[in-house]
Amino acid sequence: MLAVLNVILIALNLYTYVIIAAAIFSWLYAFNVVNPRNQVVAMIGNTLYQLTEPLLRPIRNVMPNLGGLDLSPIVLLLGIILIEQIIYIYLIPIAF
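As a starting point, this report considers the structure included with it. Since this is a predicted model, take the numbers as computed values, not measurements. (Residues numbered from 1 in each chain as written. Predicted model: local features only at pLDDT ≥ 70, side-chain atom pairs only at ≥ 80, totals over all residues. Heavy atoms only, no water.)

## A look at the layout of surface pockets
Move 1: Approximately 590 Å³ is the volume attributed to the largest pocket.
Move 2: Along the wall of the largest pocket there are 23 residues; nearest its centre are A22, A23, S26, D70 and P73.
Move 3: Those elements giving two or more residues to the lining of the largest pocket turn out to be α1 (2-30), α2 (39-62) and α3 (72-95).
Move 4: At nine residues, α1 tops the list of elements feeding residues into the lining of the largest pocket. (1 Å grid on protein atoms, 1.4 Å probe; cavity = no way out; pocket = protein on both sides within 12 Å on 5 of 7 lines; lining within 4 Å. Points joined across faces, edges and corners; volume = space filled by probe spheres on them. Helix = DSSP H or I, 4+ residues; strand = E, 2+ residues; numbered from the N terminus.)

Below, the structure is given as structure tokens:
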């Protein structure tokens with residue numbers, strides 16, 4: 001049981017880094033720092049979009065429209081932190 005919980009925690013940590021990378025990439029893309037016509041840049045952007053959009057879209061549908069400000073990655077990161085804390089506080093003591 002403890003091994004499964006550790007794998008889940010590692011996956012949540014990796015997904016946290018993917019969310020942060022997607023947010024930084026979206027800023028770089030919005031301010032024209034990266035060239036969107038470059039195939040490598042387009043491939044990275046598409047991969048990050050496909051990895052994060054299935055969880056960000058429902059959050060965006062529930063949240064109010066704030067204009068150009070997208071707070072859905074922050075809400076998702078808070079959800080991931082909540083899940084990690086639930087695992088640390090309630091599930092890991094049960095596994096011992």
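## Focus on a nonpolar patch on the surface
Move 1: Together, I10, L14, Y17, I20, I24, W27, L28, F31 and V33 make up an exposed nonpolar region whose accessible area comes to about 990 Å².
Move 2: Here L14 is to be found in helix α1. (Patch = residues over 30% accessible without salt bridge, like charges linked within 9 Å, V, L, I, M, F, W, Y side chains within 5 Å. Areas by Shrake-Rupley, 256 points an atom, 1.4 Å probe, with all protein chains shown as cover. Salt bridge = Lys/Arg side-chain N within 4 Å of Asp/Glu carboxyl O.)

## Describing unusual backbone geometry
Move 1: For N32, which is not glycine, the phi torsion reads 55° and is therefore positive.
Move 2: Mapped onto the fold, N32 is located in the loop between α1 and α2.

## Topic: the pattern of salt bridges
Close approach of charged atoms allows side chains with opposite charge to pair.
Move 1: Scanning all chains against the criterion turns up three salt bridges.
Move 2: The partner of R57 in a salt bridge is E53, with the nearest N and O atoms 3.8 Å apart. Highlighted residues: R57 and E53, both in helix α2, separated by four residues, approximately one helical turn.
Move 3: Given the relative accessible area of 44%, R57 is considered partly exposed.
Move 4: We note a salt bridge from E53 to R60, for which the minimum N-O separation is 2.8 Å.
Move 5: Several salt bridges share partner residues, and in doing so they unite E53, R57, R60 and D70 into one network. (Buried < 20%, exposed > 50% of the residue type's maximum accessible area, 1.4 Å probe, protein only.)

## Let's talk about the packing of aromatic side chains
Move 1: Taken as a whole and judged by the stated rule, the model has one aromatic pair.
Move 2: Between F25 and Y29, the aromatic rings sit 6.5 Å apart at their centres with planes inclined by 25°, giving stacked as the arrangement. Within this pair, F25 and its partner Y29 are both found in helix α1, separated by four residues, close to a single helical turn.
Move 3: Taking relative accessible area as the criterion, F25 reaches 18% and is therefore assigned buried. (Phe/Tyr/Trp six-rings, centres within 6.5 Å; stacked < 30°, edge-to-face > 60°.)

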